[in-house]
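# Secondary and tertiary structure notes
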Amino acid sequence: MTTSKNIMLLAGDGIGPEIMAEAVRVLNRVGVLYDVDFTLAEGLIGGCAYDADGTPLSDETLAIAAKSDAILLGAVGGPQWAKTAYDKRPEAGLLRLRKDLDLFANLRPAQCFEALADASSLKREFVTGLNILIVRELSSGVYFGEPRGIETLDDGSRVGLNTQRYTTHEIDRITRVAFDMARKRDSRVASAEKANVMESGLMWREDVTAIQAADYPDVALEHVLADNCAMQLVKNPKQYDVILTDNLFGDLLSDVAAMLTGSLGMLPSASLGASGPGVYEPVHGSAPDIAGQGLANPSAMILSLAMALRYSLGMGAAADKVEAAVAAALQAGFRTGDIMADGCTKVSTKGMGDAILDQLGHT
Ligand code: IPM
Ligand code: MG
């Protein structure tokens with residue numbers, strides 16, 4: 001019997017629609033290969049949603065997304081919205097989606113494909129075989145803490161204010177995700193915070209220590225200051241298995257880890273809640289400078305689709321197959337501009353999609 005799944009597509013801005021088109025071609029092929037009927041619903045998020053509806057994520061779109069089985073998201077943002085009010089900015093739509101669906105666990109794997117080991121800014125020996133998982137808290141911390149704002153003081157000068165805030169419950173649930181993930185890998189967690197200067201970091205460290213002692217004695221735990229973690233990532237990245245960290249440090253560390261793998265154009269992510277659909281999006285942004293030209297690398301979007309298959313759609317074998325197809329397309333020498341190397345075949349966004357589909361095969 002054919003199963004059916006509802007997929008929400010939020011392509012967003014910039015290169016979002018181009019890379020989403022390739023992910024949809026792969027999704028349709030997976031549907032044929034695994035006899036699954038994917039029903040696709042398209043919605044607007046980010047600057048395009050603001051232009052159309054006056055809001056970067058409408059209640060209607062959010063409601064449809066919440067009822068879907070998985071949400072694929074391209075990218076949001078662009079220079080044309082730089083002066084838009086803060087709560088109407090493209091990024092606000094993404095943050096609302098994360099917050100309202102309570103997507104607290106952001107999984108950002110940084111894996112170096114063998115074919116791309118020379119594309120990294122680090123020497124090959126430091127990155128070959130690299131396989132790190134960053135587990136980033138996504139629905140709290142300084143991104144959402146109150147009070148926040150820009151206020152004018154009595155003397156007319158201004159103060160900009162954001163609040164770093166974590167409850168025990170918020171630390172507990174993201175910590176358990178990191179330890180559970182580690183158990184499926186090399187059973188090592190490095191927890192990154194700034195316990196040396198921030199009370200929220202000290203409490204984070206205490207809580208993570210207690211959870212490990214009580215429930216995960218089989219997983220090795222190391223605490224690392226977030227600045228040192230950034231340094232270690234460029235010094236000797238292969239020392240890490242799972243990195244557990246908060247929202248802001250996770251934003252920074254995942255960009256560092258991404259570059260180790262050769263290109264931001266290769267990195268997928270999954271944002272998961274306790275229940276309901278996950279959001280699957282590339283770590284890279286909307287790349288307005290190359291939008292609409294067929295230059296973007298669709299790999300991160302397609303690898304995000306693989307994560308959706310694995311974590312929201314119960315299709316682990318299909319996820320493995322898509323990931324293997326991406327690796328094989330690289331191995332066969334197909335490259336978008338961001339990862340182009342001597343002797344390889346330079347292809348467009350669609351050309352890369354074709355190369356990956358070729359590797360996926362037909363029924
Ligand atoms: C990311 C992005 C977002 C973030 C922006 C677009 C709001 O940088 O997902 O890493 O800061 O979380
Ligand atoms: Mg970021």
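My aim in this report is to walk through the structure given alongside it, one point at a time. Source: prediction; values computed, not measured.

About the thresholds
Every chain begins its residue count from 1, and numbering advances along the sequence as written. Written order decides the labels, with chains lettered from A and ligands numbered from 1. Two thresholds apply to this predicted model, a pLDDT of at least 70 for residue-level local features and 80 or more for giving and counting side-chain atom pairs, whereas whole-chain, interface and lining totals are computed over all residues. To obtain the side-chain values, all non-hydrogen atoms of the structure were included, while hydrogens and water were left out. Helical segments are the DSSP runs of H or I of at least four residues, strand segments are the runs of E of at least two, and each set is numbered from the N terminus. We compute the radius of gyration from the C-alpha atoms alone; for a globule the expected value is 2.2 Å times N to the 0.38, where N is the number of residues. When a residue's accessible area, from a 1.4 Å probe over protein chains only, is under 20% of the maximum for its type it is buried; when over 50% it is exposed; and in between it is partly exposed. Any two residues whose heavy atoms approach within 4.5 Å are treated as being in contact. Only the protein chains shown count as covering a residue, and every accessible area follows the Shrake-Rupley method with a 1.4 Å probe. In this tally, Lys and Arg are treated as positive and Asp and Glu as negative; His is ignored, and so are the chain termini. By convention, the charge on Lys lies at NZ, on Arg at CZ, on Asp at CG and on Glu at CD. The pairing criterion for strands is at least two bridges between them, as found by DSSP. To define axes, lines are fitted to C-alpha atoms, for helices over the stretch in contact only, and angles between the resulting N-to-C directions are given on a 0 to 180 degree scale. The nearness test applies per residue and asks whether one of its heavy atoms lies within 4 Å of the molecule or strand. Any N or O atom pair separated by 3.5 Å or less is treated as a polar contact, with the protein-specific requirement of one donor-capable and one acceptor-capable atom, and with residues adjacent in sequence counted only for side-chain atom pairs. Polar here means any residue other than Ala, Val, Leu, Ile, Met, Phe, Trp, Tyr, Cys and Pro, which are nonpolar, and Asp, Glu, Lys and Arg, which are charged; Gly is therefore polar. Residue ranges assigned to each domain were obtained from an automatic or database domain assignment.

### Focus on the overall build of the chain
A tally of helices and strands in the chain yields 12 helices and 14 strands. Its C-alpha atoms give the chain a radius of gyration of 20 Å, near enough to 21 Å, the size a compact globule of 363 residues would have. Its C-alpha atoms give the chain principal-axis dimensions of roughly 60 × 50 × 45 Å. Taking all 363 residues of the chain together, 51% fall into the buried category. For the chain, the proportion of contacts with a sequence separation of at least 24, taken over those separated by at least 6, is 74%. Element-wise, carbon and sulfur atoms account for 52% of the exposed surface of the chain, whose accessible area totals about 15,400 Å². When the 32 basic and 47 acidic side-chain charges of the chain are each reduced to a single mean position, those positions are 3 Å apart.

### Thoughts on the sheet that holds strand β4 (residues 105-111)
An order of β2-β1-β3-β12-β11-β4-β5-β10-β8-β9 is seen for the 10 strands of this open sheet, with the pairing classed as mixed. Looking at strand neighbours, the two that pair on one side only are β2 (36-43) and β9 (220-225), the edges of this open sheet. In this sheet, adjacent strand axes meet at a mean angle of 25 degrees when their direction is disregarded. Judged from the four bridges that link them, strand β5 (residues 131-137) and strand β10 (residues 242-245) form a sheet pairing that is parallel. Note that in β10 the partner of R136 across the bridge is T245. Helix α7 (residues 199-215) rests against β5, β8 (188-193), β9 and β10 of the sheet, and its axis sits at about 175 degrees to β9.

### Points about the site of ligand 1
What surrounds ligand 1 is the set E91, L94, R98, R108, R136, Y143 and D251. In this structure, an oxygen atom belonging to ligand 1 sits 2.7 Å away from a side-chain N or O atom of R108. Within the contact set of ligand 1, an oxygen atom lies 2.8 Å away from a side-chain nitrogen or oxygen of D251. About the coverage of ligand 1: the protein hides 77% of its 320 Å² of free accessible area. If you tally residues by element for the shell around ligand 1, the top one is helix α4 (residues 90-100), at three residues. Looking at the shell around ligand 1, its residues break down into two nonpolar, no polar and five charged. Residue contributions to the shell around ligand 1 reach at least three from each of two domains, namely domain 1 (1-109 + 265-363) and domain 2 (131-260).

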